[in-house]
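# Structure at a glance
The residues making up each chain are set out below.
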Amino acid sequence: MTPTQAKEMLDKIVGQIFGYKNPLSLDTFMQKFAFDVRLPQAVTDAVDGKETWASSTNPTRFVRLSNARNYEIAGAGPKTDYMRPKRQLNDINDVLTAWNEINYTTTERNKDSLNVGESDNVMFSENVFRSQDIRKCKNILFSDGLANCEFVVAGQRSASSTFCVRLDDSIECSNCFNVAWSAKLNNCFFMHDCADMQDSMFCTNNKGKQYCVANMQYDADEYHKIKDLVMRWILTN
């Protein structure tokens, strides 16, 4: 997935959630809303010297999945099932030397996935950009640890949600922004530890309500006037 495609997806998500055209660039949006999300980092592929993306930068040598599968590394390649000729290993230094010759950490790992860019550890997913640990998802940006989600930006450890930005430790949410430890929210913003709510903002430890702001009840007209102020504030550069 290219940055251009990622920007198009971001604009769609912002329009759906906030009802306004996205005024922010892809990088600015990432810095503003995914600043605390653990994301893949750029490292150098030891085989071709090009940039690649890894979920952990602790190892010292990397190789992207495509190179690991198609290039011979230190004499081991696909034609030999990645095996090398046996040689005498007389002491621990010989063992460690032999290991070092083939000790590369694979990056940009994905399984049965389509259109994945700048991401690592992605499985059974489609249209994923700068994310990691993604399972059975579609249209994901700047996220870590999602399952069965679609159109999510800056999500962490969440599942079964659609059209959300900054979704943490939550499940079955839609059209939400900045939601944590919550379930079954719709059209909600800045919510923590809430459930079964819709059209509400800035609520904590609440459930089964609509048109609430800071745990206070409003009617529909009052709520939407406040909401418009908040939507404009969120997207201010």
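To keep things clear, this report deals only with the structure shown in the data block. (Residues numbered from 1 in each chain as written. Predicted model: local features only at pLDDT ≥ 70, side-chain atom pairs only at ≥ 80, totals over all residues. Heavy atoms only, no water.)

## Regarding the overall build of the chain
Spelled out, the test is: Helix and strand definitions here come from DSSP, where helices need a minimum of 4 consecutive H or I residues and strands a minimum of 2 consecutive E residues; each element is numbered from the N-terminal end. In this description the radius of gyration comes from C-alpha coordinates, and the expected globular size is given by 2.2 Å times residues to the power 0.38. Relative accessibility decides the category of a residue: with a 1.4 Å probe and only protein chains considered, values under 20% of the type maximum give buried, values over 50% give exposed, and everything between is partly exposed. Contact between two residues is taken to exist if any of their heavy atoms lie within 4.5 Å; hydrogens are not considered. The accessible surface values rely on the Shrake-Rupley method and a 1.4 Å probe; as for residues, cover is taken only from the protein chains in view. Note on charges: Lys and Arg go in the positive column, Asp and Glu in the negative column, and His and the chain ends are not counted at all. One atom stands in for each charge, and that atom is NZ of Lys, CZ of Arg, CG of Asp or CD of Glu.
Along the backbone of the chain there are five helices and 17 strands. For the chain, the C-alpha radius of gyration of 22 Å lies well beyond 18 Å, the compact-globule estimate for 237 residues. Across its three principal axes, the chain shows a C-alpha extent of roughly 80 × 35 × 25 Å. When the 237 residues of the chain are sorted by exposure, 44% land in the buried category. Looking at the chain alone, contacts between residues at least 24 apart form 27% of all its contacts between residues at least 6 apart. Of the roughly 12,400 Å² of accessible surface on the chain, a fraction of 49% belongs to carbon and sulfur atoms. In the chain, 27 side chains carry a positive charge and 30 a negative one; their mean positions are 2 Å apart.

## Some thoughts on the side chain of Asp120
Defined as follows: We define a polar contact as two N or O atoms separated by no more than 3.5 Å, with the added condition that, inside protein, one atom must be a possible hydrogen donor and the other a possible acceptor, whereas residues neighbouring each other in sequence contribute only through side-chain atom pairs.
As for its placement among the helices and strands, Asp120 is situated in strand E7 (residues 120-123). Judged by its relative accessible area of 1%, Asp120 falls in the buried class. From its side chain, Asp120 meets the backbone nitrogen of Arg109 in a polar contact 2.8 Å long. Excluding residues that lie within four positions of it along the chain, Asp120 makes contacts with Pro40, Trp53, Ala54, Ser55, Thr107, Glu108, Arg109, Ser131, Gln132 and Asp133.

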